Amino acid sequence: MIGLLGCGQQKEVAIQDAKAGDVLVNTEDTQVSLVKQFTAGTPNGLYNGAVNVRDAAEKSPEVLYQVSAVCSMEDLPGWPEYDNLYGHPLTDIEKVGEFSTASRWQILYHYDGRVESKSDLKGKAWTARLKDNLCRRGDFNDSTAKPKQAGIQ
């Protein structure tokens, strides 16, 4: 596992440019690779993608997950004040798109900094980074710069 995270650490690829096999997240001890493209949907979400998570700290170092993200918009009436990342483990890539309640996890990333886990899978560095990639936040934000407000430099 050390080779996974050493000097040859693979560069993360933004979701809008990613192809199957590309690394979406590369944290200190975890690598998340795209297995199946996400389906864009309304509202502002990416649904039923599949990722492979390799976590050096876990007993089972590779887990295949179906993942969806519903990305919110801050300070917009009617939109929640959080991004929603949810999914479940898969044993077979052919099962992508099938809904699972037995092993489903959900993590809400509130804009005030709170992280709310509604399952056994708690928010981790890789889940936060994956949310940023899927919701195009942080290093993955590719939006145009906001115009300067009058009188503010």
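Since the model is a prediction, treat every value here as computed from it, not as a measurement. (Residues numbered from 1 in each chain as written. Predicted model: local features only at pLDDT ≥ 70, side-chain atom pairs only at ≥ 80, totals over all residues. Heavy atoms only, no water.)

Draft legend 1. Just the pattern of salt bridges, in detail. By the definition in use, this model includes eight salt bridges. Residues Asp-139 and Arg-129 are paired through a salt bridge, measuring 3.2 Å at the closest nitrogen-oxygen approach. Of this pair, Asp-139 sits in the segment after helix 2 (125-135) while Arg-129 sits in helix 2, placing them ten residues apart in sequence. Within this structure, Glu-12, Arg-129 and Asp-139 form a network of salt bridges that share partners. (Salt bridge = Lys/Arg side-chain N within 4 Å of Asp/Glu carboxyl O. Helix = DSSP H or I, 4+ residues; strand = E, 2+ residues; numbered from the N terminus.)

Draft legend 2. Representation of the confidence of the model for the chain. Overall, the predicted model of the chain reaches an average pLDDT of 85, with 86% of residues at or above 70. Averaged over each element, pLDDT in the chain is lowest for helix 1 (residues 2-5) (44) and highest for strand 1 (residues 23-26) (97). Low confidence marks residues 1-7, where pLDDT is under 50. Its contacts with residues over four positions away, or in another chain, come to ten contacts. The low-confidence segment residues 147-153, where pLDDT is below 50, has one contact with residues more than four positions distant or belonging to other chains. (pLDDT = per-residue confidence, 0-100. Contact = heavy atoms within 4.5 Å.)

Draft legend 3. A look at the state of the cysteines. Taken as a whole and judged by the stated rule, the model has one disulfide. With a sulfur-sulfur separation of 2.0 Å, Cys-71 is cross-linked through a disulfide to Cys-135. In this structure, the disulfide formed by Cys-71 and Cys-135 twists by about -85° around the S-S bond and is classed as left-handed. Of this pair, Cys-71 sits in the loop between strand 5 (62-70) and strand 6 (82-90) while Cys-135 sits in helix 2, and the two are 64 residues apart along the sequence. (Disulfide = S-S within 2.5 Å.)

Draft legend 4. How the structure looks around the nonpolar core. Counting residues in each nonpolar core, the largest one holds 23 residues, and the members touching the most others are Val-67 and Leu-134. Contributions of two or more residues to this core are made by strand 1, strand 2 (30-36), strand 4 (45-55), strand 5, strand 7 (105-110) and helix 2. By residue number, the principal contributor to this core is helix 2, which donates four residues. Leave out the neighbours within four places in its chain, and Leu-134 touches Ile-15, Phe-38, Leu-46, Val-67, Ala-69, Cys-71 and Leu-85. (Core = buried A, V, L, I, M, F, W, Y, C linked by side-chain atoms within 4.5 Å. Buried < 20%, exposed > 50% of the residue type's maximum accessible area, 1.4 Å probe, protein only.)

Draft legend 5. Main features of the pairing of strand 1. Note: strand 1 against strand 2, three bridges, orientation antiparallel. Bridge pairing in strand 2 links Val-23 to Ser-33. Hairpin geometry of strand 1 and strand 2 is characterised by an intervening segment of three residues between the two adjacent antiparallel strands. (Pairing = 2+ DSSP bridges.)

Draft legend 6. Molecular detail of the environment of Tyr-65. Along the chain, Tyr-65 falls in strand 5. When the C-alpha positions of Tyr-65 and Pro-89 are compared, they lie 4.3 Å apart, and in sequence the two are 24 residues distant. With residues up to four places along the chain from it excluded, the contact list for Tyr-65 reads Gly-49, Ala-50, Val-51, Val-53, His-88, Pro-89, Leu-90, Trp-105, Leu-121 and Trp-126.

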